[in-house]
Each structure stands twice: as structure tokens, then as C-alpha cells.
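One-letter residues, chain by chain:
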Amino acid sequence: MIGNHFNSKGGDDALFGVNQPPVLTTEVQRLQQAQIEAAFVQQILTADPNANIVVLGDLNDFEFSAPVGVLKNAGLTALIETLPQAERYSYVFEGNSQALDHIMVSNGLVTRPFGYDIVHINSEFWDQISDHDPQVVRLTMNSAPSAS
């Protein structure tokens with residue numbers, strides 16, 4: 001399990017601001033963080049292609065961003081993409097629902113039964129404990145026992 005809090009988006013242009021496409025000056029550091037982490041994930045998968053790897057946390061980037069793409073290309077599946085489109089957010093900024101928090105898993109876990117959801121208890125409400133919504137994942141770590 002690899003816990004993350006990637007560099008903030010503070011300093012980027014507004015999503016729907018004057019500059020289109022927005023200038024994402026902070027993405028450079030998140031891309032570097034993702035590349036280092038992806039290399040580590042690939043080292044593990046080279047040693048054991050069936051390794052159970054979970055990458056999670058506030059990646060401060062969208063599921064379609066370059067940094068998240070680097071992690072997906074390393075052999076991870078973004079669980080947020082298993083949800084219906086209307087439920088794919090963990091943060092609301094200036095009225096825009098965004099997916100900044102992620103749980104990604106290796107093939108050794110995504111091919112087994114799992115349950116995943118984002119619990120929308122913060123981002124939609126004015127009385128928040130946090131500005132991010134928590135995520136919950138239930139993973140099957142081992143194969144079911146056989147009768148033999």
C-alpha cells in the first residue's frame with residue numbers, strides 16, 4: 001500500500017477561467033511524483049507480476065490527467081473509473097465536481113471481487129469536516145478456498 005499526497009494544484013489557472021486550456025504550472029511536480037512512483041510499482045511487478053499493490057490518496061489531479069495516466073500505464077487500475085460518471089468526484093471547487101483523490105490497484109487485485117465507492121459526506125455540503133470525500137474499498141486478498 002502506497003499512501004500519497006501529491007503537490008497541490010494551487011497556482012494553476014482556473015478550470016473555466018480566461019485562459020483556455022488552463023495553464024497547469026503545478027502539474028510538472030505531480031508528473032515527476034507519478035513517474036517516481038510508477039517506477040517503484042513497475043519494480044514490484046517485475047519481481048512479482050501478481051503482486052497486490054494499492055496506490056491511494058490525494059493525487060490532486062483528475063482521472064484523465066497526465067500524472068494519473070503515468071500510474072495507469074505502470075499497471076494500475078483507477079477504481080474511480082468503475083463508478084457511474086455522475087459519481088466520479090471527491091472534491092468540489094468553485095462549483096466544479098472533481099476527482100482529485102484516487103484508489104488504484106494492480107491486476108492482482110482488480111481481477112478479484114472488490115467493492116468501491118466514494119462516500120459523499122463533505123464536498124457537497126457547507127458544514128464539512130474536510131473538503132474531500134472519503135473513499136472505501138473492500139478487496140479480496142486471497143482466492144477462495146477450494147474443496148480439495
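These remarks concern the structure in this document. (Residues numbered from 1 in each chain as written. Predicted model: local features only at pLDDT ≥ 70, side-chain atom pairs only at ≥ 80, totals over all residues. Heavy atoms only, no water.)

This part is about the pattern of salt bridges. What the rule picks out here adds up to five salt bridges. For Asp 12, the salt bridge goes to Arg 30, with nearest N and O atoms at 3.6 Å. Of the two residues, Asp 12 is situated in the loop between β1 (2–5) and α1 (27–47) and Arg 30 in helix α1; the sequence distance between them amounts to 18 residues. A salt bridge links Arg 30 to Asp 61, with the nearest nitrogen and oxygen atoms 2.7 Å apart. Taken together, the residues Arg 30 in helix α1 and Asp 61 in the loop between β2 (54–58) and α2 (66–73) connect sequence positions 31 residues apart. Neither Arg 30 nor Asp 61 differs from the other in exposure class; each is buried. One network of salt bridges, with partners in common, ties together Lys 9, Asp 12, Arg 30 and Asp 61. (Salt bridge = Lys/Arg side-chain N within 4 Å of Asp/Glu carboxyl O. Helix = DSSP H or I, 4+ residues; strand = E, 2+ residues; numbered from the N terminus. Buried < 20%, exposed > 50% of the residue type's maximum accessible area, 1.4 Å probe, protein only.)

By convention here, two paired aromatic rings are described through the distance between centres and the angle between planes. Under the counting rule described, the total for this entry stands at one aromatic pair. An angle of 25° between the planes, with centres 5.3 Å apart, marks the rings of Phe 62 and Phe 64 as stacked. In this structure, Lys 9 is placed above the aromatic ring of Phe 62, and the distance from its NZ or CZ to the ring centre is 4.6 Å. (Phe/Tyr/Trp six-rings, centres within 6.5 Å; stacked < 30°, edge-to-face > 60°. Lys NZ or Arg CZ within 6 Å of the ring centre and 35° of its normal.)

It is worth spelling out the environment of Gln 29 at this point. Among the structural elements, Gln 29 can be located in helix α1. Linking Gln 29 and Glu 63, residues 34 residues apart in sequence, is a C-alpha distance of 17 Å.

With respect to the secondary-structure elements, Phe 93 resides in strand β4 (residues 91–93). Here the alpha-carbon distance between Phe 93 and Leu 15, two residues 78 residues apart in the chain, equals 9.5 Å.

Turning our attention to the sheet that holds β1. Overall, mixed pairing links the four strands, which are arranged β1-β2-β6-β3 in an open sheet. Among the strands making up the open sheet, the edge pair consists of β1 and β3 (76–78). Strand-to-strand, the axes of this sheet are offset by a mean angle of 20°, without reference to chain direction. Bridge count for β3 against strand β6 (residues 101–106) is three bridges, and the pairing is antiparallel. Residue pairing in the sheet places Thr 77 in a bridge with Val 105 of β6. Lying over the sheet, α1 contacts β1, β2, β3 and β6, oriented at roughly 170° with respect to β1. Lying on the sheet, α2 is in contact with β2, β3 and β6; it crosses β6 at an angle near 15°. (Pairing = 2+ DSSP bridges. Axes fitted to C-alpha atoms, helices over the stretch in contact; angles between N-to-C directions. Contact = heavy atoms within 4.5 Å.)

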